[in-house]
Amino acid sequence: MYHPYTNNMNNIKAFAITIGIPAALFFSSCSHTAGKSEKKIENAQEEAAFAAVALQKGKISSSLQIPGELIAYQQVDIYAKVSSFVKKLHVDVGTEVSQGQLLATMEAPEISSQLAGAESRVKSQEAVYLASKANYDRLYNTSLTPGTVSKNDLDIAQARMKSDQAQWEAGKAAYREISDNRNYLEIRAPFSGVISARNVSAGAYVGPTGKGSEFPLFTLQEQKKLRLVISVPEAYTGYLNGNSEVNFNVKAFTGRKFTARVNRLSGALDARLRAQRIEMDVINTDKKLLPGMIAEVNIPMNGSDSTFLVPKAAIVNSTVNVFVVRVTDGKAERVQVQTGREANGKVEIYGNLNEGDTILASANEEIREGAALKQVKIGQ
């Protein structure tokens, strides 16, 4: 008897059987193929010949190129100490001067008047002091005769004498102050060097404050000796010390190398650059090098201790870690390492390694942990 529900169910079962059989055959075929592929890879690794090296320690030598700046060993902007007018300039830009040499003469008529007034006050206070001292001396000599001068009168005379003496000393100090200000009308070089800038002319108003103090009279630089300043990144600060010597060159003298020795290390890292400031003295008697030049500094990075060195191709940088492949009893063993400097195709490595270990010279991620490596040839 025909029943719609029964017939539909039979059709669905038949369809499922029809689809299921090929699918099962397909997945069975894929699983079998994948297994064969892995087996082929393992067999290929076993049959392949691998070049290896015996792990040895050595020292690597490399260099770091960083920019530096040449600055004057000493530099100062020279300003006027007192308000005055420029009377005469004795030097100009490019003039080489020696320490104490007169650079400019200023004039300020009011200072001469002030000095004359101070001198008059000093003389007046000196006269008052001498009078009070004479009065005290007379009273003291008289007081040696008992009953002639009271003790109170003698004390008052002595106090007056000391007060007048203090006024006299204050007057002399004021006179010296004005006299010193007059000496500031002569501008002299604080050290030997070269005038690199001049910002005034004769007749200009200058002073410690106001419009005349906007720019310095002169800029003086010591150029026979320069400072080479560099900022060494944190990772490389260990390669320089107080006796290190570096080479550098500048664009103005292509092909010529200059030498400098480290003289000063800041001993701290700049918070913004994360680098240490290092200064080197450069003798520049011929003044060919100029302050402000940019130098390309070559810092030698010679290792103080020997470390394990391997070819660059022996190191595998995977997504998980960095490792080399060590051959142990004919099987591959991944050893996690940290890398150091690189030079001439060799790289420093640090890890759980021993001298004499056999390391594959060229490794990759396809070499699985524990894979059999039958044909391993150790080279130099």
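Residues numbered from 1 in each chain as written. Predicted model: local features only at pLDDT ≥ 70, side-chain atom pairs only at ≥ 80, totals over all residues. Heavy atoms only, no water.

An unreviewed UniProt entry lists the chain under the name Efflux RND transporter periplasmic adaptor subunit, from Chitinophaga rhizophila. The annotation that UniProt attaches to the chain under Sequence similarities (unreviewed entry) is "Belongs to the membrane fusion protein (MFP) (TC 8.A.1) family." (UniProt positions renumbered as here; feature names shortened; annotations may be inferred.)

To continue, consider the overall build of the chain. Regarding its fold elements, the chain presents 3 helices and 21 strands. A buried classification covers 32% of the 380 residues belonging to the chain. Look at the contacts in the chain between residues 6 or more apart in sequence, and 76% of them connect residues 24 or more apart. Accessible area for the chain stands at about 23500 Å²; split by element, carbon and sulfur atoms hold 51% of it. (Helix = DSSP H or I, 4+ residues; strand = E, 2+ residues; numbered from the N terminus. Buried < 20%, exposed > 50% of the residue type's maximum accessible area, 1.4 Å probe, protein only. Contact = heavy atoms within 4.5 Å. Areas by Shrake-Rupley, 256 points an atom, 1.4 Å probe, with all protein chains shown as cover.)

We now examine the packing of aromatic side chains. Counted according to the given criterion, the structure contains 5 aromatic pairs. Between Phe248 and Phe258, the ring centres sit 5.5 Å apart and the planes meet at 20 degrees, which makes this aromatic pair stacked. Taken together, the positions of Phe248 in strand S11 (residues 245–250) and Phe258 in strand S12 (residues 258–269) put the pair 10 residues apart, joining distant regions of the chain. Accessibility expressed as a relative area gives 10% for Phe258, which makes it buried. Residues Phe253 and Phe258 carry aromatic rings whose centres are separated by 6.1 Å and whose planes lie at 70 degrees to one another, so their mutual orientation is edge-to-face. On the basis of relative accessible area, Phe253 is assigned to the partly exposed category, the value being 23%. Among the aromatic side chains, those forming a connected cluster through ring pairs are Phe248, Phe253 and Phe258. Its end group placed over the ring of Tyr73, Lys225 keeps NZ or CZ at 4.5 Å from the ring centre. (Phe/Tyr/Trp six-rings, centres within 6.5 Å; stacked < 30°, edge-to-face > 60°. Lys NZ or Arg CZ within 6 Å of the ring centre and 35° of its normal.)

Right, let's talk about the packing of helix H2 (residues 109–143) against helix H3 (residues 151–183) for a bit. Look at H2 against H3: their axes get within 8 Å of each other, and the N-to-C directions meet at 160 degrees. As judged from the angle between their axes, H2 and H3 are roughly antiparallel. Like other packed secondary-structure pairs, H2 and H3 cross with a definite hand, here left-handed. (Axes fitted to C-alpha atoms, helices over the stretch in contact; angles between N-to-C directions. Parallel < 35°, antiparallel > 145°, perpendicular 65-115°, else oblique. Left-handed = near helix turned anticlockwise from the far one by under 90°.)

Attention now moves to the confidence of the model for the chain. Averaged over every residue, the pLDDT of the chain is 84; the share at 70 or more is 86%. In the model of the chain, helix H1 (residues 4–47) stands out as the element of lowest mean pLDDT, 46, in contrast to strand S5 (residues 96–97), which has the highest, 96. Note on residues 1–36: pLDDT is under 50 here. Beyond four places in sequence and across chains, it has 1 contact. (pLDDT = per-residue confidence, 0-100.)

Another point: the sheet that holds strand S6 (residues 102–107). In spatial order, the strands read S7-S6-S4-S9; together these 4 strands make up an open sheet with antiparallel pairing. The open sheet is flanked by strand S7 (186–188) and strand S9 (205–206), the only strands paired with a single partner. (Pairing = 2+ DSSP bridges.)

Another point: the pattern of salt bridges. Per the stated rule, a full pass over the model turns up 17 salt bridges. With its nearest N and O atoms 3.3 Å apart, the salt bridge here joins Lys172 to Glu169. Here Lys172 pairs with Glu169, and both are found in helix H3, just 3 residues apart, close to one helical turn. What makes Glu169 partly exposed here is its relative accessible area of 38%. (Salt bridge = Lys/Arg side-chain N within 4 Å of Asp/Glu carboxyl O.)

Moving on to the nonpolar core. Counting residues in hydrophobic clusters, the biggest one holds 24 residues, and the most contacted among them are Leu103, Met106, Leu217 and Phe218. Contributions of two or more residues to this core are made by S6, H2 and strand S10 (218–233). (Core = buried A, V, L, I, M, F, W, Y, C linked by side-chain atoms within 4.5 Å.)

Taking 1.5 Å of rise per residue, the 33 residues of H3 would be expected to cover 48 Å, and the 48 Å separating its terminal C-alpha atoms lies within 8% of that figure. For H3, the complete set of buried residues consists of Leu154, Ala157, Met161, Asp164, Trp168, Gly171, Ile178 and Ser179. Of the surrounding elements, those touching the buried residues of H3 are H2. (Expected span 1.5 Å × (residues − 1).)

Negative phi characterises most residues that are not glycine, and trans characterises most peptide bonds. A positive phi is found at Lys287, a non-glycine position, where the angle reads about 55 degrees. For Lys287, the location among the structural elements is in the loop between strand S13 (275–283) and strand S14 (294–302). When its relative accessible area of 29% is taken as the criterion, Lys287 is described as partly exposed. For Asp329, which is not glycine, the phi dihedral falls at a positive 55 degrees.

As a further point, take the pairing of S11. Residues Val246, Phe248 and Val250 of S11 are buried on one face, while the alternating residues Glu245, Asn247 and Asn249, pointing to the opposite face, are not. For S11 and S12, the ladder comprises 4 bridges, and the chain directions are antiparallel. Directly across from Phe248, in S12, lies its bridge partner Phe258.

Further remarks concern the side chain of Gln276. Position of Gln276 among the secondary structure elements: in strand S13. Here the side chain of Gln276 touches Gly267 through a polar contact of 3.0 Å, landing on its backbone nitrogen. Discounting chain neighbours no more than four positions away, the residues touching Gln276 are Ile230, Ser231, Val232, Thr237, Leu265, Ser266, Gly267, Ala268 and Leu269. (Polar contact = N/O pair within 3.5 Å; in protein donor to acceptor, adjacent residues only side chain to side chain.)

Turning to the environment of Phe248, a few remarks are in order. Given a relative accessible area of 1%, Phe248 falls into the buried group. Between the alpha carbons of Phe248 and Pro67 there is a distance of 9.2 Å; along the sequence they are 181 residues apart. With near-sequence residues (within four places) excluded, Phe248 lies in contact with Leu70, Leu228, Arg256, Lys257, Phe258, Thr259, Ala260, Val282, Leu289, Ala295, Glu296 and Val297.

It is worth spelling out the environment of Asp153 at this point. Note on placement: Asp153 falls in helix H3. A C-alpha to C-alpha distance of 9.8 Å links Asp153 and Ser143, two positions 10 residues apart in sequence.

It is worth spelling out H2 at this point. Taking 1.5 Å of rise per residue, 35 residues should cover 51 Å, and H2 covers 52 Å from first to last C-alpha, within 8% of that figure. Those residues of H2 lying buried are Ile111, Leu115, Ala118, Val122, Tyr129, Ser132 and Tyr136.

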